[in-house]
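# Structure at a glance
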Amino acid sequence: MKKIIVFSGAGISAESGLGTFRDKGGLWDQYDINEVATPEAWEKNPELVLDFYNQRREIAIKAEPNAAHKSLVDLEEHFDVHIVTQNIDDLHERAGSTQILHLHGEILKAECTVNKSEVVELSDPKMKMGDLSTGGHQLRPHVVWFGEAVPMMLEAERIVSEADIFVVVGTSLNVYPAANLLYACKKTCQKYIVDLNELSNVKYKNLKLYKGKATEQVPNLVKELIEKNE
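A brief structural summary. (Residues numbered from 1 in each chain as written. Predicted model: local features only at pLDDT ≥ 70, side-chain atom pairs only at ≥ 80, totals over all residues. Heavy atoms only, no water.)

Between its first and last C-alpha, helix α9 (residues 214–229) extends 22 Å over 16 residues, near the 22 Å set by a 1.5 Å rise per residue. Looking only at α9, the buried set comprises Ala 214, Gln 217, Val 218, Leu 221, Val 222, Glu 224, Leu 225 and Ile 226. Contacts from the buried residues of α9 go to β1 (3–8), α1 (10–14), α6 (67–74), β7 (165–169), β8 (190–195) and β9 (207–211). (Helix = DSSP H or I, 4+ residues; strand = E, 2+ residues; numbered from the N terminus. Expected span 1.5 Å × (residues − 1). Buried < 20%, exposed > 50% of the residue type's maximum accessible area, 1.4 Å probe, protein only. Contact = heavy atoms within 4.5 Å.)

What follows is the structure, given as structure tokens:
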């Protein structure tokens, strides 16, 4: 069975109502990164950081998987599918995908500020100061902040290196180190990207563009891949 790796970013969840970060009008136009999404911000004002992620979490919980998320599930009947996502929402899971690696963490989880290997599911979507780990330390959002290492990066590269087909959807390939994943593909790997824009600055071999919205183009691509595999 051929292996498909899907690399997803904020664009796939944007049509579910989750704001992107870097686009015009995105979250980083509304918030100062340094105040809400860095280790230094946490040290300076943890209440503000918790409030920022509480708002993000509330929006994520209300959001629903869209046609792009749902169509990727159909691939699992024909391929060995792994999703590597930069997104911290759980829309891939709720759509029904079964093998998902979150590069940047998961907003519905928390981690211990001292023992980062202790990750827990949140029972209350609103985190607050005084929420403690089993070791008695403050919990923080289970997300990778700017300036922190991406702990799942090596595992993502390993998975991508085994891909027969690599699909990029909802990310501009301008965010590093995640953008390096395309280089982890083997030479024979077929590559597809779903994007609203032309790829004038991206030059890769065996790369086909599906230009348009994720909810429109991902189902088209999924249909093509399944037909080719039959």
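Right, let's talk about the sheet that holds strand β5 (residues 119–121) for a bit. The sheet built from 3 strands is open, its strands ordered β5-β4-β6 with antiparallel pairing. In the strand order of this sheet, the two ends are held by β5 and β6 (139–143), each with one partner. Along the sheet, successive strands turn relative to each other by an average axial angle of 45°, direction set aside. As defined by bridge partners, strand β4 (residues 105–112) adjoins β6 across 4 bridges and the pair is classed as antiparallel. Residue pairing for β6: Cys 112 is matched across the bridge by Leu 139. Here helix α5 (residues 46–62) sits on the sheet in contact with β4 and β6, set at roughly 140° to β4. (Pairing = 2+ DSSP bridges. Axes fitted to C-alpha atoms, helices over the stretch in contact; angles between N-to-C directions.)

For the rest of this paragraph, the subject is the nonpolar core. Ranked by size, the top nonpolar core spans 21 residues in total, and within it Ile 4, Leu 75 and Leu 225 carry the most contacts. For this core, the leading source of residues is α9, giving 6 residues. Counting residues in hydrophobic clusters, the runner-up holds 19 residues, among them Ala 41, Leu 50, Leu 91 and Ala 110. (Core = buried A, V, L, I, M, F, W, Y, C linked by side-chain atoms within 4.5 Å.)

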